[in-house]
Amino acid sequence: MMPRGALEARPGYDRLQAYSPGGDPACAIDLSDNTNQWGMCPPATTALAEAAGRGVTRYPSRYGEALKDAIAARYSIDPSMVVTGAGSDGVLEPAIRAFGVPGDRMVLADPTFVMAGAFGVMNGLEPIAVPLGDDYGVDATRIVASQGRITYLCSPNNPTGGSIGRDALERVVAGAPGLVIIDEAYAEFAGHDALDLARTSDRVLVTRTFSKAYGLAGLRIGYGIGAPTIIAAVEKARGPYTVGALAECAAIAAMRDGQAWVHARVADALEARARLRDGLERLGLRPAPSDANFLFVPLSGSARVAQSLARRGIGVRAFVGLCPVSAALRQSGGEALRITVGPVEMMDALLAALGDIRSAGGGW
Ligand SMILES: *Cc1c(COP(=O)(O)O)cnc(C)c1O
């Protein structure tokens, strides 16, 4: 091996790039990042204003203790099973750091949430990408056989949208040798979750976020649930004071008093998702099954279509070079759009713009 220069970053850092979601912030309608298009959870808005009035000259709580209590109360678990963080990213990364040492294998499905693999590389782990089975299902046998020190699963999966079947989840949890992270950033939309596995297994960490269903992405707040031994290690890696005081107050209010609002917005999202799916199919597109607040649409020329949409003031996320894990993705050459679900007017504007683009010969 070449000797490492004194100011050379860790091995693997040349493969990392600054995060670039490709959305255009100038778009009047931004359907690129799966945030809540209906707004933010109202009890959080009130709590935020009150907390701001108290000022921020003091440090926040060390580990988000009051928020841990609110989360524990909601799920009827002990607060020692909860860790908070600056977004669920702020839980995922320290979890990977706490349980993986450089050179360890981190197994994950392909395609999945790109930041997960990036967090592995940042910490010197070797990402092992296991292609999804045909039609977007997780290949539990290959994932277990890959023997990850850390196994990362995302359910519902970003960007494809489907949930991991219960049977596959259980097989991975039973067979994987190390920590199994189940990223449930979109669980509120799915109507089912793996919290029971986090409660009963000593190797499962479920991560959740306030960025999506709760509409608080700008505050950077998330949490993880797992066995107290896992949580204690993740908390050591996370360090104190990573959740701001305002974010913590808003998240507590959202958890305690925002559930009815979240349920209503989830219902809105499911209705709008059905309408969006219908409209896309009418345009001859084939969205993948989704349990989340977005649809994944295999489409060759996705980047060009996304640019045309951006010119019409609508942002979506284009993917290219994806692992061809369905007939539709093989046909599109691994290219796809991911479209966030929002209020019906937004969906109708998007569908009209896509119709224009197609009529003008600008796509498929
Ligand atoms: C959006 C998203 C997250 C998280 O985000 P935070 O804002 O850091 O909580 C995590 N995982 C997946 C799969 C996501 O799509």
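Owing to the predicted nature of the structure, the values given are computational and were not obtained by experimental measurement.

Enquirer: Help me understand the overall build of the protein, please; the structure alone is not making it clear to me.
Expert: From N to C terminus, the protein includes 14 helices and 12 strands. The C-alpha atoms of the protein give a radius of gyration of 20 Å, which matches the 21 Å a tight globule of 364 residues would have. Each of the three principal axes of the protein carries a C-alpha extent, and together these read 55 × 55 × 45 Å. The burial tally for the protein puts 55% of its 364 residues in the buried class. For the protein, the share of sequence-separated contacts (at least 6 apart) that also reach a separation of at least 24 residues comes to 72%.

Enquirer: How should I be thinking about the packing of aromatic side chains in this particular structure?
Expert: Pairs of aromatic rings are described using the distance from one ring centre to the other and the angle between the two planes. Summed over all chains, the structure comprises six aromatic pairs. Judged by centre distance (5.9 Å) and plane angle (85 degrees), the rings of Tyr-136 and Phe-296 are edge-to-face. A residue pair is termed long-range when its members are at least 10 positions apart, and Tyr-136 in the loop between β4 (126–131) and α5 (140–145) and Phe-296 in strand β9 (residues 294–298) qualify at 160 residues. Accessibility expressed as a relative area gives 0% for Phe-296, which makes it buried. The interplanar angle of 75 degrees and the centroid separation of 5.0 Å between the aromatic rings of Tyr-186 and Phe-294 together place this pair among those described as edge-to-face.

Enquirer: Is there a simple way to think about the pattern of salt bridges in this case?
Expert: A side chain of one charge can pair with a side chain of the opposite charge when the charged atoms of the two come close. Counted under the stated rule, the structure contains 13 salt bridges. The shortest N-O distance in the salt bridge between Arg-208 and Asp-193 comes to 3.2 Å. Of this pair, Arg-208 sits in strand β7 (residues 204–209) while Asp-193 is found in the loop between α7 (187–190) and α8 (195–200), placing the two residues 15 residues apart along the sequence. Residue classification places Arg-208 among the buried positions, given a relative accessible area of 3%. For Asp-268, the salt bridge is made with Arg-265, and the minimal N-O distance between the two is 2.8 Å.

Enquirer: Help me understand the environment of Asn-34 in this model?
Expert: Here Asn-34 shows up in the loop between β1 (29–30) and α1 (42–54). Looking at Asn-34, the relative accessible area reads 0%, which means it is buried. With 306 residues separating them along the chain, Asn-34 and Thr-340 place their C-alpha atoms 4.9 Å apart. Setting aside anything within four residues of it in sequence, one finds Asn-34 in contact with Asn-158, Tyr-186, Lys-212, Asn-293, Phe-294, Arg-338 and Thr-340. At 3.0 Å, the side chain of Asn-34 forms a polar contact with the side chain of Tyr-186.

Enquirer: Whenever I open this one, the sheet that holds strand β2 (residues 82–85) confuses me. Can you help?
Expert: The strands making up a sheet are joined through hydrogen bonds of the backbone, oriented either antiparallel or parallel. The seven strands lie next to each other as β2-β8-β7-β6-β5-β3-β4, forming an open sheet whose pairing is mixed. One side of each edge strand has no neighbouring strand; the edge strands of this open sheet are β2 and β4. Neighbour-to-neighbour, the strand axes of this sheet turn through a mean angle of 20 degrees, independent of strand direction. Along the sheet, helix α2 (residues 65–75) makes contact with β2, β7 and β8 (222–226), crossing β2 at roughly 130 degrees. Its contacts with the sheet place helix α3 (residues 89–99) against β2, β3 (105–110), β5 (150–154), β6 (179–183), β7 and β8, and it is angled at close to 170 degrees to β6.

Enquirer: Explain the sheet that holds strand β12 (residues 336–340) to me, please; I cannot follow it from the model alone.
Expert: Read from one edge to the other, the open sheet built from three strands follows the order β9-β12-β11, with strand pairing classed as antiparallel. Two strands close off the open sheet at either side, each with one partner strand: β9 and β11 (317–319). The mean angle between the axes of side-by-side strands here comes to 20 degrees, regardless of whether they run parallel or antiparallel. Pairing analysis gives three bridges linking β11 to β12, with the strands arranged antiparallel. Bridging across to β12, Ala-318 finds its partner in Leu-337.

Calculation notes
Residues numbered from 1 in each chain as written. Predicted model: local features only at pLDDT ≥ 70, side-chain atom pairs only at ≥ 80, totals over all residues. Heavy atoms only, no water. Helix = DSSP H or I, 4+ residues; strand = E, 2+ residues; numbered from the N terminus. Rg over C-alpha atoms; globule rule 2.2 N^0.38 Å. Buried < 20%, exposed > 50% of the residue type's maximum accessible area, 1.4 Å probe, protein only. Contact = heavy atoms within 4.5 Å. Phe/Tyr/Trp six-rings, centres within 6.5 Å; stacked < 30°, edge-to-face > 60°. Salt bridge = Lys/Arg side-chain N within 4 Å of Asp/Glu carboxyl O. Polar contact = N/O pair within 3.5 Å; in protein donor to acceptor, adjacent residues only side chain to side chain. Pairing = 2+ DSSP bridges. Axes fitted to C-alpha atoms, helices over the stretch in contact; angles between N-to-C directions.

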